[in-house]
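Here's the letter readout for the chains.
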Amino acid sequence: MDEFLEKIEQHRDEFFRFIKRNVWDTGVAEDVFGQGVLAAYENRSKYTPGTNFRAWMYRILLNKCYVANRETGRAFQSLDHPAAQDAIAHHREDFGNIVQDPKAVLEQCGDEVYRAFRGLSTAQRSCILLRGIEKFSYQEIAEIMEIPVGTVMTHLARGRKKLRAELTEYAMETGAIRSFPATQTKPSHATGEGKG
Amino acid sequence: MNTKKEHLWQAYIDGELSATDMVDFEESLSESESRLLASDVLFDRALSEGLAKDAACPDDVWARTKALLEAQPTVPTNDTPKNPILYRRAWGPWGFATIVAAAMITLMVSWMMPSTSAPIILAEETVDELAAQSQVNANSADIERYMHENNYQLRLVAVETLHIVQIHSDVHLLGARRNYNGDVVELLVACCHQPVTIIIAERNTPLARIIAQEVANSESDVQATRNIGNYVAAVVSKHPAVGLLDIVAGQHL
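Keep in mind that this is a model prediction, so the values were computed, not measured. Throughout this description, residue numbers start from 1 for each chain and increase along the sequence as written. Here the convention is simple: chains get letters from A, ligands get numbers from 1, in the order in which they are written. With pLDDT at 70 or above as the cut-off, local features in this predicted model cover only qualifying residues; side-chain atom pairs require 80 or more to be listed or tallied, and sums for whole chains, interfaces and linings still use all residues. Excluded from the side-chain calculation are hydrogens and water; included are all heavy atoms of the structure.

**Comments concerning the interface of chain A and chain B**
Okay, step 1: Throughout, a contact is declared for two residues whenever any of their heavy atoms are within 4.5 Å. Between chain A and chain B, the contact holds 77 residues from the first and 65 residues from the second.
Okay, step 2: Around 6,300 Å² of area is buried between chain A and chain B when both sides are counted, 57% of it from carbon and sulfur atoms.
Okay, step 3: By convention, the term buried area covers the 1.4 Å-probe accessible surface removed from two parts as they join, with the contributions of both added. By the criterion of area lost to chain B, the three top residues of chain A are Arg-12, Arg-70 and Arg-160 of chain A, representing 9% of everything that side buries.
Okay, step 4: The term salt bridge refers to a pairing of a side-chain nitrogen on Lys or Arg with a carboxyl oxygen on Asp or Glu at a separation within 4 Å. Our enumeration of links across chain A and chain B arrives at eight salt bridges.
Okay, step 5: One salt bridge connects Arg-64 of chain B with Glu-30 of chain A, and the closest N-O pair in it is separated by 3.0 Å.
Okay, step 6: Two N or O atoms count as a polar contact when they lie within 3.5 Å, although within protein this holds only if one can serve as hydrogen donor and the other as acceptor, and sequence-adjacent residues are included solely when both atoms are side-chain atoms. Put simply, chain A and chain B have 28 residue pairs in polar contact (both at pLDDT 80 or more) between them.
Okay, step 7: The residue makeup of the side of chain A that touches chain B, split by class, is 33 nonpolar, 17 polar and 27 charged. In this classification, the charged set is Asp, Glu, Lys and Arg, the nonpolar set is Ala, Val, Leu, Ile, Met, Phe, Trp, Tyr, Cys and Pro, and all remaining amino acids, among them Gly, are polar.

**Description of the side chain of Arg-21 of chain A**
Okay, step 1: Going along the chain from the N terminus, every DSSP run of H or I of four or more residues is numbered as a helix, and every run of E of two or more is numbered as a strand. Along the chain, Arg-21 of chain A turns up in helix H2 (residues 12-23).
Okay, step 2: Of the side chains with opposite charge, Asp-54 of chain B lies nearest to the buried Arg-21 of chain A, which makes no salt bridge, at 6.0 Å.
Okay, step 3: Only 2.7 Å separates the side chain of Arg-21 of chain A from the backbone oxygen of Leu-51 of chain B, close enough to count as a polar contact.
Okay, step 4: If we ignore the near neighbours within four places in the chain, the residues touching Arg-21 of chain A are Tyr-114, Phe-117, Arg-125 and Leu-129 of chain A together with Gly-50, Leu-51, Lys-53, Asp-54 and Ala-55 of chain B. Categorising residues by exposure relies on relative accessible area from a 1.4 Å probe, with only protein chains included: less than 20% of the type maximum marks a residue as buried, more than 50% marks it as exposed, and the intermediate range marks it as partly exposed. When charges are tallied, Lys and Arg are placed among the positive residues and Asp and Glu among the negative ones, while His and the ends of the chain are skipped.

**Re the sheet that holds strand E3 (residues 184-191) of chain B**
Residues and elements named next belong to chain B.
Okay, step 1: Pairing between two strands is assigned when DSSP locates at least 2 bridges connecting them. Here we have five strands laid out as an open sheet, ordered E2-E3-E4-E6-E5, and antiparallel in their pairing. Unpaired on one side and paired on the other, strand E2 (172-179) and strand E5 (222-228) mark the two borders of the sheet. With strand direction ignored, the average angle separating the axes of adjacent strands in the sheet is 20°.
Okay, step 2: Inspection of the sheet shows E2 paired to E3 by seven bridges, in the antiparallel sense. By the bridge assignment for E3, Leu-173 is matched with Val-189.
Okay, step 3: A fitted line through C-alpha atoms represents every axis, and for helices the fit uses only the stretch in contact; the resulting angles, taken between N-to-C directions, go from 0 to 180 degrees. Packing of helix H8 (residues 206-214) onto the sheet brings it into contact with E3, strand E4 (194-202), E5 and strand E6 (231-236), and relative to E4 it is tilted by some 135°.

What is shown is where atoms sit, not what they do.
Given below as structure tokens:
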């Protein structure tokens with residue numbers, strides 16, 4: 001028991017952070033954390049020492065998040081609503097041209113970043129968290145989430161695209177950035193359009 | 001942007017490409033695409049930094065969780081037999097062999113069954129997300145061919161003739177894929193604008209046994225199973241679509 005607790009305690013902050021960024025409500029996050037750790041304890045005989053403990057734990061915590069999100073429902077507005085889809089359609093291609101400093105824009109968006117992140121699906125959020133913060137490989141994420149690697153990449157692509165579109169729209173509305181003309185003259189080193 | 005390019009894009013952002021592939025990908029991009037990619041790299045880094053902040057586990061939460069674990073029973077109590085002599089006589093050497101044999105059988109069974117503490121849940125939450133995972137065109141002929149190529153000798157019933165179509169709306173095939181480390185084929189279906197998969201596994205395999213158990217798990221998305229010849233098929237979705245099991249006709253001769 002002590003050894004098991006030590007392992008959990010070593011990673012408690014990252015486990016709690018993953019849950020909190022997935023279920024959002026602090027009270028729910030605390031409950032899910034407790035349930036997840038207890039479920040891990042009750043199933044500790046299924047963990048093989050020497051294998052990836054973090055990945056094993058995340059699989060358990062992720063399923064608790066799925067259940068919690070299903071029970072509490074989507075209390076926030078989904079990024080699948082028509083206005084967000086319009087934003088995606090209009091600004092998807094402009095993002096790189098109009099945002100010179102994404103970090104500064106995100107800082108100015110403040111809590112809107114969290115609101116936009118909440119609008120993603122649990123699967124999209126989880127992929128972004130496991131990759132962006134916890135630095136798991138695509139293969140490890142696929143094993144944690146029990147989905148194909150291709151699905152992991154699709155979740156990352158769509159989640160990030162939705163966030164960029166939503167936050168660019170918000171930043172423009174609040175004046176954090178200004179729209180640039182659709183075409184800009186700049187020194188071109190390219191020989192033409194890419195092969196893509 | 002097509003799916004392959006989209007995937008390469010993400011792999012570039014996440015450093016999952018080899019050095020050679022990175023160079024090849026960079027060279028394939030137009031100037032505006034290069035700017036967008038550079039911006040995406042910065043955006044993702046800034047997003048991760050922001051999400052990592054201010055979310056550490058509070059000390060009181062950890063203290064409560066630790067107390068909860070410490071209150072759990074650790075090892076079963078060992079009651080001393082009241083009559084040690086009778087206890088020894090009742091078991092003797094044959095009894096000991098029985099225990100050892102039972103333990104070995106349990107060990108073999110647990111080794112054969114892939115351990116999982118996670119219920120089977122459909123990860124994709126929209127029809128578009130699920131459709132993007134298909135490894136084959138979304139029509140019966142191509143899906144049947146895909147199943148046969150993967151040694152699944154099964155035939156599909158025409159969707160429009162299924163009984164479920166009379167009750168549900170917009171039922172149509174999205175394609176098929178291999179899943180669970182390639183151990184199963186899944187049919188991908190849309191029903192009432194919701195994603196549904198039909199897992200097909202060979203009977204008498206560990207995964208088939210897990211699927212059978214999942215039906216009783218309230219946290220699982222497995223709604224129902226059906227034996228079809230040498231296979232077991234299961235409907236997996238948050239949307240009630242048990243009738244879609246009729247889509248698998250039986251063994252192809």
